[in-house]
Every structure is written in structure tokens, then in C-alpha cells.
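# A look at the structure
Here are the chains, one letter per residue:
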Amino acid sequence: MSRDDLLTEVVILIDPEDLADERFSQPAVIERAKLFRSVLSTHVNFRDVLEKKGLSFGGRVLLIGPPGTDFEAFPHHIAQEVPMKTVKLRISSAIGDSRRISESVRTALEFAKRNAPAVLYLEKIDVLGKSATNHAAVLYSSLKEYTWDENEVLVICTTSDPDMVERDLLALFDRVYIFPTPQVEERVKVFETLFEGRKDIDPTLVAESTEGWGFSDIHHLAVSFLTDVPENTELLPRIKIEQIIENSGVMGMARYEIHDSVSRIARGEHSPSVESLQSEYPDDFLDQLYLMAVGDDFQGTQRIIEALNANHPLTPQDREFLARYPFILTGKAEDRLTRLMRAKRSSDRLSRIMGR
């Protein structure tokens, strides 16, 4: 295989002018990218100071977030605004033994150095630098040789499973940015942008119905809404929004409870009956479970109990909550309220004791 063939197999080179001008990106990722770009632009003013103290800027960045995080928005923004070229490692070329990983990573690093200033984008370092393997040592030694100070190469890596990454490798990064699942304010902002011109959709209602969803989940849901021709322009009520989401086939797989529920169904498991729950949770234990639920989310627990006691239909969000706290289904209506208020008093008393 020729050198050019090897490069084509291992890396993708993207010139800044080839990056899309319009890109729908996760707001939180863009905010962090702007912050880093600001630090990068001022670095040159402090380079001499850092060198005198034996320090370096480094330029190795790790992005951590749940599955579906829009990691790629980070290098896209940096490369477009600085501007500089992007060298992206083809993950398929680096799967195999440590020798193949070493060759692929080094080829990508050398190619980035040759095209400097450049961004080297390495996805899923939990695969490339898996803990307790030779892969991690290979990646560590390779990345350690390259810095923005000496090579004008920024190394941007991503993972959704930091537990699988060798700790020495994690410590090598100069900056680590962590992105949780989009909060309700961010989801509202995203849906307002995507549903612009749709008078039948209230972005806030959709945002409130997608608690814990990842950015890619939100993206998929927006596609589902936008490709469904509305019957009229009247604003859809909350219950209709929830029905559309439930029937869309789009799921918030970034949310642990949804993923866990889907996994249990796929394994052929089923939700326990109320009778089995009642025998499974004795009274004293139930009080402890209620205290745990109230400590985690009092308002959510109260909302579920009120819905159950009033025989109201449960929303998808309610069912997800019950998947986490199935013991709430046990007992009579008045028992639920009694345990709720008892747990709330205990929780408040503990908070006062702890000085919260």
C-alpha cells in the first residue's frame, strides 16, 4: 500500500473553507468552543511567561458527554473561526491490535503536523485508549509528543464512557469540558430555532416532555415533527404533544431510565405486578424508599402520587418515573400520601441537621 493510500485509509483532511457555513449545533458545545478559542487567541501574549516558568499551553482537549452529544461542533467551530485545517482519524482504521492503533494515530498526528496549524479530531478514545490495555499506553505516548506550543496541533478527543479510559491518559489533557444532557432551557432554545414558523408547536411543551434526552435524540424528534404535515395551525395541547412523541418512534436513549427500560424489555423481562411489589416491600423498607424518592425529587414524587390517586392517565414521563420508583404503586391512595408527607418531614429534618 502506498503512503497516499495509507493516508486516505487513516485520515480525512478538511479545509476550513469546506466546512459548512450553516450547521445546527448544540448550544452548550458552541459556548465551550468559543471560550476555548478565546483562550487560544490570547495564549500568544503569555507564551514567554509560561516558558520562563517551564509551562506550556498544551492544546490537548477532552470532551465528555452522554451518547448523542454534539461533540463535532467543537472542532468545527474552532477550525472555522481561527481558521485552520481539520484532520479527522477514521475510527475504523484504528480498531484492532495495538500496532494498528499506534500506526493510525501516529499517521494522523504526523499528517496534522504537516498541515499545521491544524485540529486533530479523535473520537471515542474509550476505544482507542481503553483502560488496562496496550492501546492506552500507545495513545498516551503518541499524544504526549504533540502540543500547540511546539507543533501548532490542537488535539481534540471525545468520550461518552470515561470509566473505560486509562486514568494516566485522562490526566494528559490540558482541558476537559463536560456536557450533561441538555437542560430544559437549552432544549427550549433548540426547539425554538427548529420549529420557527410552526404555529402549531409550542417549543416549551416539547422541551418539558423530553427531560433527560440527548442532543441527537432532540434532533431526531425535531425531524419527526417537521416531516409530519400539521392538520391545522392551532396550538397543540400538552397531551397531544406527548402522544405525538410517544408515537414518533423516537426515544431519549441518552436517558438512563429509558435505556434501562428498553434493555429489560429486550431481555424479555416485565414490570412486576402490584401484588408482587406489595410482598416485596415491607412497611419499614417502604418508608426508606419513599425517603429516597423525596430526597431525589419531591415534586416529581408528589406529582406521580396525585396522578395515581386521581386515576389520571400517565404521561411517558410519569411512566419513566415509575420505572425508577415502582414501589409508589403499592398501597392505597391514603397510604401513599401518608408516606409521602412522612418522608418529606424526615427529609426536611435531615436537611436542617446537616445545615442545608
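Notes on the structure in this doc start here. Computed from a predicted model, the values in this text were never measured in an experiment. (Residues numbered from 1 in each chain as written. Predicted model: local features only at pLDDT ≥ 70, side-chain atom pairs only at ≥ 80, totals over all residues. Heavy atoms only, no water.)

## Concerning the overall build of the protein
Across its full length, the protein carries 18 helices and 6 strands. Counting all 356 residues of the protein, 42% fall into the buried class. Nonlocal contacts in the protein, meaning residues at least 24 apart in sequence, comprise 80% of its contacts between residues at least 6 apart. For the protein, the computed accessible surface area is about 19500 Å², with 50% contributed by carbon and sulfur atoms. (Helix = DSSP H or I, 4+ residues; strand = E, 2+ residues; numbered from the N terminus. Buried < 20%, exposed > 50% of the residue type's maximum accessible area, 1.4 Å probe, protein only. Contact = heavy atoms within 4.5 Å. Areas by Shrake-Rupley, 256 points an atom, 1.4 Å probe, with all protein chains shown as cover.)

## A short note on the packing of aromatic side chains
Evaluated as defined, the whole model comprises 9 aromatic pairs. Arranged with centres 6.1 Å apart and planes meeting at 35 degrees, the rings of F36 and F57 form a pair that is tilted. Of the two residues, F36 sits in helix α2 (residues 27-43) while F57 sits in the loop between α3 (47-52) and β2 (60-64), which places them 21 residues apart along the sequence. Taking relative accessible area as the criterion, F57 reaches 6% and is therefore assigned buried. Ring geometry for F74 versus Y177: centroids 5.8 Å apart, planes at 40 degrees, classification tilted. Within this pair, whereas F74 is found in helix α4 (residues 73-81), its partner Y177 is found in strand β6 (residues 175-178), the two being separated by 103 residues in sequence. Here the two residues F74 and Y177 agree in accessibility, since each one is buried. An aromatic cluster is defined as three or more aromatic residues linked by ring pairs; in this entry it consists of F36, F57, F74 and Y177. (Phe/Tyr/Trp six-rings, centres within 6.5 Å; stacked < 30°, edge-to-face > 60°.)

## A look at the packing of α2 against α4
Remark: α2 packs on α4, axes separated minimally by 9 Å, with the N-to-C direction vectors making an angle of 40 degrees. When the interaxial angle is binned, α2 and α4 end up oblique. When the axes of α2 and α4 are compared, the crossing they make is right-handed. Together, V29, I30, R32, A33, K34, F36 and R37 of α2 and A73, F74, H77, I78 and E81 of α4 make up the contact between the two elements. (Axes fitted to C-alpha atoms, helices over the stretch in contact; angles between N-to-C directions. Parallel < 35°, antiparallel > 145°, perpendicular 65-115°, else oblique. Left-handed = near helix turned anticlockwise from the far one by under 90°.)

## Some points on the side chain of K88
Relative to the assigned elements, K88 resides in strand β3 (residues 85-89). The exposure class assigned to K88 is buried, which follows from its relative accessible area of 17%. Those residues in contact with K88 that sit more than four places away from it in its chain are V10, V11, I12, E72, Y121 and E123.

## Notes on the pairing of strand β4 (residues 118-122)
Within β4, 5 of the 5 residues are buried, which leaves the element mostly enclosed by the surrounding structure. As paired strands, β3 and β4 are joined by 4 bridges and run parallel to one another. Paired with V87 across the two strands is L120, which belongs to β4. (Pairing = 2+ DSSP bridges.)

## Remarks on helix α10 (residues 184-194)
Looking only at α10, the buried set comprises E186, R187, V188, V190 and F191. Its buried side turned inward, α10 meets α2, α11 (203-208) and α12 (215-226).

## Here we look at the nonpolar core
In terms of nonpolar packing, the biggest core is built from 28 residues, with L120, L122, I125, L139, L143, C157 and L169 touching the most fellow members. Of all elements in the fold, only β2, β3, α5 (98-114), β4, α6 (125-128), α7 (134-144) and β5 (153-159) reach the threshold of two or more residues within this core. Looking at which element gives the most residues to this core, the answer is α5, with 6 residues. Judged by nonpolar contacts, the second largest core, of 22 residues, contains F71, F74, A79 and W148. (Core = buried A, V, L, I, M, F, W, Y, C linked by side-chain atoms within 4.5 Å.)

## A word on the sheet that holds β3
The strand order β1-β3-β4-β5-β2-β6 describes an open sheet built from 6 strands, whose pairing is mixed. Each edge of the open sheet carries a strand with a single partner, namely β1 (11-14) and β6. Direction aside, the axes of adjacent strands within the sheet are offset by 20 degrees on average. Of the strand pairs in this sheet, β2 and β6 are connected by 4 bridges, and their pairing is parallel. Considered in β6, the bridge of L63 is made with Y177.

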